[in-house]
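# Close look at the chain arrangement
For reference, the chains in residue letters:
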Amino acid sequence: MPPTISVIIPTHYRNDLLPEAIESVGAQGYEPVELVVVDDSGEGHAEPVLEEYGDVIDEAVVREENGGWQAAYTTGIEASTGEYVQFLDDDDRLLEGKLTKTAAVLRENPEVGVSYCGVLWGDEPRYPKPEVSGDVLEHALAFRTFPLWTGSMLMERSVLTDCMPFAGMAPDDDLDIELGDTDLKIALALRTKVDYVDECLVVYRQEGNKLWTGARRLEKVKQNIRHRQGLYDRYPEIRRELLATWHQKHGRYLLEESTWSPSAVYHFLLATYYAEGVGGRLRCGAGTVASLFGLPGWTLAERVRDIATGL
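Note that the structure is predicted; figures quoted are calculated from it, not measured. (Residues numbered from 1 in each chain as written. Predicted model: local features only at pLDDT ≥ 70, side-chain atom pairs only at ≥ 80, totals over all residues. Heavy atoms only, no water.)

### Points about the pairing of strand β4 (residues 84-87)
Test applied: Burial classes follow relative accessibility: with a 1.4 Å probe on protein chains only, a residue under 20% of its type's maximum area counts as buried, one over 50% as exposed, and anything between as partly exposed. Per the convention used, a helix needs a DSSP run of H or I reaching at least four residues, while a strand needs a run of E reaching at least two, with both numbered from the N terminus. Any two strands with at least two DSSP bridges between them are considered paired.
Side chains Y84 and Q86 project from β4 onto one buried face, and the interleaved V85 and F87 project onto a second face that is buried too. For strand β1 (residues 5-11) and β4, the ladder comprises 4 bridges, and the chain directions are parallel. Bridging from a neighbouring strand, I5 pairs with Y84 of β4. Relative to strand β8 (residues 154-156), β4 is paired through 3 bridges, and the arrangement is antiparallel. Looking at β8, one finds that Y84 is bridged to E156.

### Considering the confidence of the model for the chain
Basically, it comes down to this: Summary of the metric used: pLDDT quantifies the predictor's per-residue confidence within the range 0 to 100. Residue contacts are defined here by distance: any two heavy atoms, one from each residue, within 4.5 Å place the two residues in contact.
Per-residue pLDDT for the chain has a mean of 87; in total, 89% of the residues score no lower than 70. In this model residues 208-212 is a low-confidence stretch, pLDDT under 50, and it forms 11 contacts with partners more than four residues away in sequence or in other chains.

### Some words on the pairing of strand β6 (residues 112-121)
Counting buried positions along β6 gives 8 out of 10 residues, so the element sits mostly inside the fold. Pairing analysis gives 9 bridges linking β6 to strand β9 (residues 193-204), with the strands arranged parallel. Bridged to G118 within β9 is C200. Across 2 bridges, β6 lies against β8 in antiparallel orientation. What sits directly across from V114, in β8, is M155. The sheet contact formed by β6 and strand β7 (residues 124-126) spans 3 bridges and is antiparallel. Across the sheet, V119 pairs through a bridge with R126, a residue of β7. Counted between consecutive antiparallel strands, the loop separating β6 from β7 contains 2 residues, among which G122 sits at a positive phi close to 65°.

Next up, the structure:
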């Protein structure tokens, strides 16, 4: 008999989207599947949906308080029994063959503990990158793994549970916000190899997710670096490039929010500081100068750069 796949769906006030996620699991055609739904609203908000799909859901868990994605997935893992584990956010859905094809990768490659696929993000397909396979630690540290992401991954249970407790859930963790799935990918990369199916088999919607918007984006990058300081000390080039990139992105975000911002100039200066090499510093330095003229200056500089690059 093929290995059992536990599909874990955490849900938080998305009763309008949750049925699509549940139905996409039921339409997979893979057997055996164990479906676990975790209501993380803290007040049983998903109860009507859980009752409606009671014949499809193997285990429904209602948390007494909202704990965030890490707590919800931890609850789901503890309630599940499958040899393989698939996470699925309540606003996403699996496409035909997702479980069968990613499970085949794990079964055929004993050294691989994580298999993933491409995703449909809106109307845009995002296919796996050939270099994001095998040892993906450096890519994970650099935040350059997408579409390797919680919803596209199928994980061996033993590898996943070895990563627990997730960052922010351990008693000695002093984190005021969740790190997100990048820390999980780093933890997995330290333990196993990764391979992929070169097809888009998951719909990624990111409905109302503000996890990677505004100042939270940069804060999460910095928290990941602090949490994995020992690893980033081994890869100082990755740390500098990561900080340069995200300070520049945050500077751009601030300009888009207010047209001109002294804080944006400050972040562009930090990007210049962290940039590697003369070429990198010159590019970031030019961005700093452009930011002095606000969003119009930055936009003009980007257009000039694009024209020059296209020549």
